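This is what each chain is made of:
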Amino acid sequence: MLIELRHVSKSYSGADGGAPVTVLDDINLEVRDGEMLALLGQSGSGKSTILRLMAGLTEPTHGIVLSHGSPFNGVNHRLAIVFQSFALYPWLTVQENVQVGLIQRRLDARQQQEEIDRALELIGLTGYENAYPKQLSGGMRQRVGFARALVAQPEVLCMDEPFSALDVLTAENLRTQVVDLWRGSGHAGLKSIFLVTHNIAEAVFIASRIVIISSHPGRVRNVIVNSLPYPRDVNSRQFAALVDQVHAAITALVLPDEPAEPIGVRPTGAGVGQPPATVDGATEPVPSTLGSRIETIPNAPVETIIGLLEILEDSQETINVFDLSARIGREFGETIAIVKAAEMLGLVDTPKDDVVMTQAGWYFLAAPATVRKTLFRQSIMKLRLFQMLTARLQGAPDGRIDTDIVLEELGTLLPYDQPAKLFHTLIAWGRYAELVDFDQNANVVYLHQAGENDDADAAEASP
Amino acid sequence: MTARAYPQTTGQQVERGSRFGWIDAVVILAIFVTLWLLVVLSGDMRVRFDELHPPSLSLDVAFIPYYTARTVLRMFIAFAAALLFTFTYGYVAAKSVRARKVMLPLLDILQSVPVLGFLSITVTGFLALFPGSLLGVECASIFAIFTAQAWNMTFGFYHSLITIPAELQEAATVYRMNRWQRFTKVELPSSAIGLMWNSMMSFGGGWFFVAQSEAISVLNKNIKLPGLGSYMAAAVEAGDTRAAVYAIIAMVVTIVVVDQLLWRPLVAWAEKFKLEQTESKDNPTSWVLDLLRHSYVLTWLSNHVGHALGNVSQRAALLTSDLTQTISGRAPAPVKTLLRLAMWGLTTIGVAWLVFDAFDIATEIRTAMTGAEMLRVVWLGMLTLLRVLAMSVLATLIWTPIGVWIGLRPRVARIAQPLAQIAASFPVNMTFPFIVAFFIATNIPINLGSVLLMALGTQWYILFNVIAGAMAIPTDLREAATMFGLNRWRLWKTLIIPAIFPFWVTGAVTATGGAWNASIVAEVASWGNDKLVADGLGAYIAQVTEKGDQPAIYFSIVVMALFVVVINRVFWRRLYDLAERKFKLD
């Protein structure tokens, strides 16, 4: 066991002294000798934080990080990192940049030159020793990043979304090279590779073990062993089957078929879905905050939700979430956020990993703009978060609340979310629905003032 | 990917000098002349000095080159000291969050104290340090110039250090650079561009105080160090127009030469440290740098000196590794506690000493000055404040339209901006005597005239910042405005004023800060036997400094510093926040 995270949690204190945000919760993870481990998750799930915890760039709030079974101080020197944005120094040549990796090895000038030459040959950049990063393409810059990491002769080569800043062709090329590197006699001392990515196909192509983590907070959910033989064929049936398996695991995680929060029902000890317990024949309203979990609102702008409905309208058959993601050209995390948002509003259904438009969704799409707003308003008023917000606003003097108070409360209610981002989405939806508004200059949130149009819209809206 | 993309020649990789050319003769000559000058001039700095018989200054025009050389040497020594200060102070403030909370406000206060204030406080100290030699006076003068240059550079350096991209720092940590390596390979290069620009501006700021620093008329002493500034002061006292004009010409020539031979090449060279990864079209160029790149001697020198420095740096790196700390940049525990104790100890001693000193000064002031007099000083401060306000309003009204006009035309801007920067460096107080003569002739009261004098020195900051702001307006916003047929007034209201607002704020802050400093030379102006004294804090400070009235000096300087600091916090800080929040174009 080369690196191990044991019961690791990581929290950051909130911006402007707000409530602390927990990014990682009780992570148990290990990098074994002789494996390629991929960490798969959405952006913001804390995967980069896990990498930095392994490297010793940051410390866990709880739990412990072990290297070869024992804790270490400072930076883990058995590791080297390849960064997402290459992290090359613009004022150093390729040669000098790679030389940075040799700092900890204390070689003399001749040996250093040999090492650098060997690394550059391995990654295919001989002849470029005196070039500056500005003069290289993205793929070449990342190769320099690899060379730098390799000359440091790490045990574990860590890569933080190394191909996400590259175009598709260069990325494919480099991926194959990385696999060949690890498999071949390659570089001395390299035992394992740790890859952080949000690209499912990439994880299946490269890794021998795939760990899936959820987000908000980051938790280890699934571990899938990938025993496909190298070299892997992207077009083979087994590859596709494994990709499907990963898909299914992720969708079960992010778009559960059972809603986390039963809409419109007050939970009691009797169980979810049951009518509230009656006392002497009369229904007793139970305080709604007891034991209920408020679901967060995904970060999806309104026009993307509408765009999703329009795509569904155009296509003849049901669409799979991942095909959708490829089609709209967005990272699957973003796509899932949009789909989830649409689902929360009752506009789509997500049986397994398909997306299907609901009756309400068809109606919404057919309606004129003003009616859409009313429908939207009705939908979001079914969400606990908006109910609480409007209740607070109605209770406040003048129907206005200071933004900082709202942020603080959001931080308390949803401790795993970034209050600022959540607020942003809340206001965006609220403005579309003409329900709440936000005054940037005075820094207050307030109820949208009712106008004469609202009654007409309400009349038109009823089907 | 195209076959073997050859590195483009961008000026970075222009063919290096491989043969001896005429430029090499020039370079060798220049090196020898500089060395000879350094030896001769520094020898002259240690001449015997008797306070009762201060060295006399000749008004002979033939002496001007020598005096100019002395002045330039002083400026560069002060600049070297300022650079050292910048590196240490800025580095500590950037690395330690706790220290930052004290160091930054302290720097703010130091920035608000007028240069003359520093001079009056330290001159006796320096004189005592080197009794009997002119070196003491030189040190005082150099220190005064240092205070005119250092603060801005420190702020700039601090800012560049804390805005280094996180991944560059992380790579340095992962690949185990120690502090020295990190400083030389990551932090210093990242801040190079900002540092060059700041140095250029700050060095220029020093010219303004050259006259004050060299013709030391503080505390009843009247010492004129050999230099261009005191030459000018002597010319003014004697009413010698011819000498004054020659002095001004010499000053202009010096500024242009230093700008072209030193600053422009440095700024152009620093382009290689740009953090953005794409080549932009508007790189600063320098004809001198291009010439120098063809020099065989310099290429040879830079390679060998570069190698030697590299080796020294490596040795230093290994040494510091072994001596002080672990690779993560965190010192081992006992060293850390020791350092912390030492720091706390020093700080408490320092604070205690300052507090006692402050008490002493306060009692001194209380006994020496009456309440009425103190109020009068504050009242004078108000008057100067009015002048500063008037100056900023007028300068804004006049120069903003011009600046926008220039900024919207890139070709004009390319010529005009460096000119405006040079104008900002030129010590306008050298021309004051002529203007004062003009005032006397036309009976313009100095109370109003001093506004003009203050403006002449500082309005350029507003001008070239507005130019920069207009240049930064994105083309698509301008095109949209044209498409929608916005008339002149609407265009200004909706686009131009909001877009240049953040830049204007920067320019106005510098201009008003400079105006306070300038008030000391603007509110007391003399030509020959005529002396015009305005009612204001600057005039008061100048007068009491000359007389040597210590309590009054302390009090008035504190009052001026307070005015500047309070206005900064209450007014400028708010405007900065507003500019950040509402008017930032990104």
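These numbers come from a predicted model, not from an experiment.

Rules and cut-offs
- Residues numbered from 1 in each chain as written.
- Chains lettered and ligands numbered in written order.
- Predicted model: local features only at pLDDT ≥ 70, side-chain atom pairs only at ≥ 80, totals over all residues.
- Heavy atoms only, no water.
- Pairing = 2+ DSSP bridges.
- Helix = DSSP H or I, 4+ residues; strand = E, 2+ residues; numbered from the N terminus.
- Axes fitted to C-alpha atoms, helices over the stretch in contact; angles between N-to-C directions.
- Contact = heavy atoms within 4.5 Å.
- Buried < 20%, exposed > 50% of the residue type's maximum accessible area, 1.4 Å probe, protein only.
- Phe/Tyr/Trp six-rings, centres within 6.5 Å; stacked < 30°, edge-to-face > 60°.
- Core = buried A, V, L, I, M, F, W, Y, C linked by side-chain atoms within 4.5 Å.
- Buried area = accessible area lost by both parts, 1.4 Å probe.
- Salt bridge = Lys/Arg side-chain N within 4 Å of Asp/Glu carboxyl O.
- Polar contact = N/O pair within 3.5 Å; in protein donor to acceptor, adjacent residues only side chain to side chain.
- pLDDT = per-residue confidence, 0-100.
- Patch = residues over 30% accessible without salt bridge, like charges linked within 9 Å, V, L, I, M, F, W, Y side chains within 5 Å.
- Areas by Shrake-Rupley, 256 points an atom, 1.4 Å probe, with all protein chains shown as cover.
- Lys, Arg positive; Asp, Glu negative; His and termini not counted.
- Charge placed at Lys NZ, Arg CZ, Asp CG, Glu CD.

**Focus: the sheet that holds strand β18 (residues 444-447) of chain A**
Residues and elements named next belong to chain A.
- The three strands are arranged β16-β18-β17 in an open sheet whose pairing can be described as antiparallel. Either end of the sheet is taken by a strand with one partner, and the two such strands are β16 (400-402) and β17 (436-439). On average, adjacent strands in this sheet sit at an angle of 25 degrees to one another, irrespective of strand direction.
- When β16 meets β18, the two strands line up antiparallel, connected through three bridges. What sits directly across from arginine 400, in β18, is tyrosine 446.
- The sheet strands contacting helix α14 (residues 403-413) are β16, β17 and β18, and the helix crosses β16 at an angle near 70 degrees.
- Along the sheet, helix α15 (residues 419-432) makes contact with β17 and β18, crossing β17 at roughly 120 degrees.

**What to know about the sheet that holds strand β3 (residues 36-40) of chain A**
Residue and element names in this part refer to chain A.
- As summarised here, the arrangement of the six strands in space is β6-β7-β8-β3-β9-β10, forming an open sheet in which the pairing is mixed. Sheet topology places β6 (79-82) and β10 (220-225) at the edges, where each strand pairs with a single neighbour. When strand polarity is set aside, the average angle formed by the axes of neighbouring strands in this sheet is 20 degrees.
- Summarising the sheet, β3 and strand β8 (residues 192-197) pair through five bridges and their orientation is parallel. For leucine 37, the partnering residue across the bridge sits in β8 and is phenylalanine 194.

**Topic: the side chain of serine 392 of chain B**
All names here are of chain B.
- Mapped onto the elements, serine 392 comes out in helix α15 (residues 371-407).
- Residue class for serine 392 comes out buried when judged on its relative accessible area of 10%.
- Dropping the residues within four chain positions of it, serine 392 is found in contact with Ile462 and Thr512.

**Some words on the packing of aromatic side chains**
Residue and element names in this part refer to chain B.
- All chains considered together, the criterion is met by 35 aromatic pairs over all chains.
- Centre to centre, the rings of phenylalanine 126 and phenylalanine 143 are 5.7 Å apart; their planes meet at 50 degrees, and the pair counts as tilted. Linking phenylalanine 126 in helix α4 (residues 115-129) with phenylalanine 143 in helix α5 (residues 135-162), this pair joins segments that are 17 residues apart in sequence.
- Using a relative accessible area of 18% as the deciding quantity, one classes phenylalanine 126 as buried.

**Some details on the nonpolar core**
- Ranked by size, the top nonpolar core spans 301 residues in total, and within it Leu5, Leu29, Ile50, Tyr89, Leu157, Phe194 and Trp429 of chain A carry the most contacts.
- Top element by residues in this core is helix α20 (residues 488-522) of chain B. It accounts for 16 residues.
- Dropping the residues within four chain positions of it, isoleucine 50 of chain A is found in contact with Leu5, Leu24, Ile27, Leu29, Leu39, Phe194 and Ile213 of chain A.

**With respect to the pairing of β10 of chain A**
Residues and elements named next belong to chain A.
- Strand direction decides the pairing type here: strand β9 (residues 209-213) and β10, joined by five bridges, are antiparallel. Residue pairing for β10: isoleucine 212 is matched across the bridge by asparagine 222.
- Counting the residues in the hairpin turn of β9 and β10 gives six residues, including histidine 216, whose phi is positive at 50 degrees.

**Considering the interface of chain B and chain A**
- With 37 residues of chain B at the contact, the number on the chain A side is 40 residues.
- Summed over both sides, the interface of chain B with chain A buries roughly 3,500 Å², with 54% coming from carbon and sulfur.
- Where chain B meets chain A, there are one salt bridge.
- Note that arginine 52 of chain A is salt-bridged to glutamate 170 of chain B, the shortest N-O span being 2.6 Å.
- Taken together, the connections running from chain B to chain A amount to seven residue pairs in polar contact (both at pLDDT 80 or more).

**Thoughts on the pairing of β17 of chain A**
Residue and element names in this part refer to chain A.
- In this structure, β17 lies alongside β18, joined through four bridges in antiparallel fashion. Following the sheet pairing, aspartate 437 is matched in β18 by tyrosine 446.
- A loop of four residues connects β17 with β18, the two strands running antiparallel in sequence, and asparagine 443 in this loop sits at a positive phi of about 60 degrees.

**A closer look at the confidence of the model for chain A**
All names here are of chain A.
- Per-residue confidence for chain A averages 82 on the pLDDT scale, and 86% of its residues sit at or above 70.
- pLDDT under 50 marks residues 260-292. Its contacts with residues more than four places away, or in other chains, come to 22 contacts.
- Segment residues 452-458 is flagged for pLDDT under 50; beyond a separation of four residues in sequence, or across chains, it makes three contacts in the model.

**What about the environment of leucine 537 of chain B?**
Residue and element names in this part refer to chain B.
- Here leucine 537 is to be found in helix α21 (residues 537-547).
- The class of leucine 537 is buried, set by a relative accessible area of 0%.
- Between the alpha carbons of leucine 537 and alanine 172 there is a distance of 51 Å; along the sequence they are 365 residues apart.
- If sequence neighbours within four positions are ignored, leucine 537 has contacts with Val377, Leu380, Gly381, Thr384, Trp516, Glu523, Ser556, Val559 and Met560.

**A closer look at the environment of asparagine 443 of chain A**
Residue and element names in this part refer to chain A.
- Here asparagine 443 shows up in the loop between β17 and β18.
- Under the relative-accessibility criterion, asparagine 443 is labelled partly exposed at 28%.
- For the pair asparagine 443 and asparagine 130, spaced 313 residues apart in sequence, the C-alpha to C-alpha distance is 53 Å.
- Look past the residues within four positions of asparagine 443 in its chain and what remains in contact with it is Ile401, Asp402, Thr403, Asp404 and Phe438.

**Considerations on the pattern of salt bridges**
All names here are of chain A.
- This model, assessed by the stated rule, comprises 26 salt bridges over all chains.
- Of the charged contacts in the structure, one is a salt bridge between arginine 52 and aspartate 160, with a shortest N-O distance of 3.0 Å. With arginine 52 in helix α1 (residues 47-55) and aspartate 160 in strand β7 (residues 156-160), this pair connects stretches of sequence that are 108 residues apart. As far as the burial class goes, arginine 52 and aspartate 160 line up, both buried.
- Arginine 78 is the salt-bridge partner of glutamate 155, the closest N and O atoms lying 3.8 Å from each other. Residue glutamate 155 is located in the loop between α4 (138-151) and β7, and its partner arginine 78 is located in the loop between β5 (70-71) and β6; the two are separated by 77 residues in the primary sequence.

**Digging into a positive patch on the surface**
Residues and elements named next belong to chain B.
- A contiguous patch of positive charge on the surface is contributed by Arg98, Lys101, Lys336 and Arg340.
- Elements supplying a minimum of two residues to the positive patch: α3 (97-112) and α14 (333-368).
- Position of arginine 98 relative to the elements: it lies in helix α3.
- Judged by its relative accessible area of 59%, arginine 98 falls in the exposed class.

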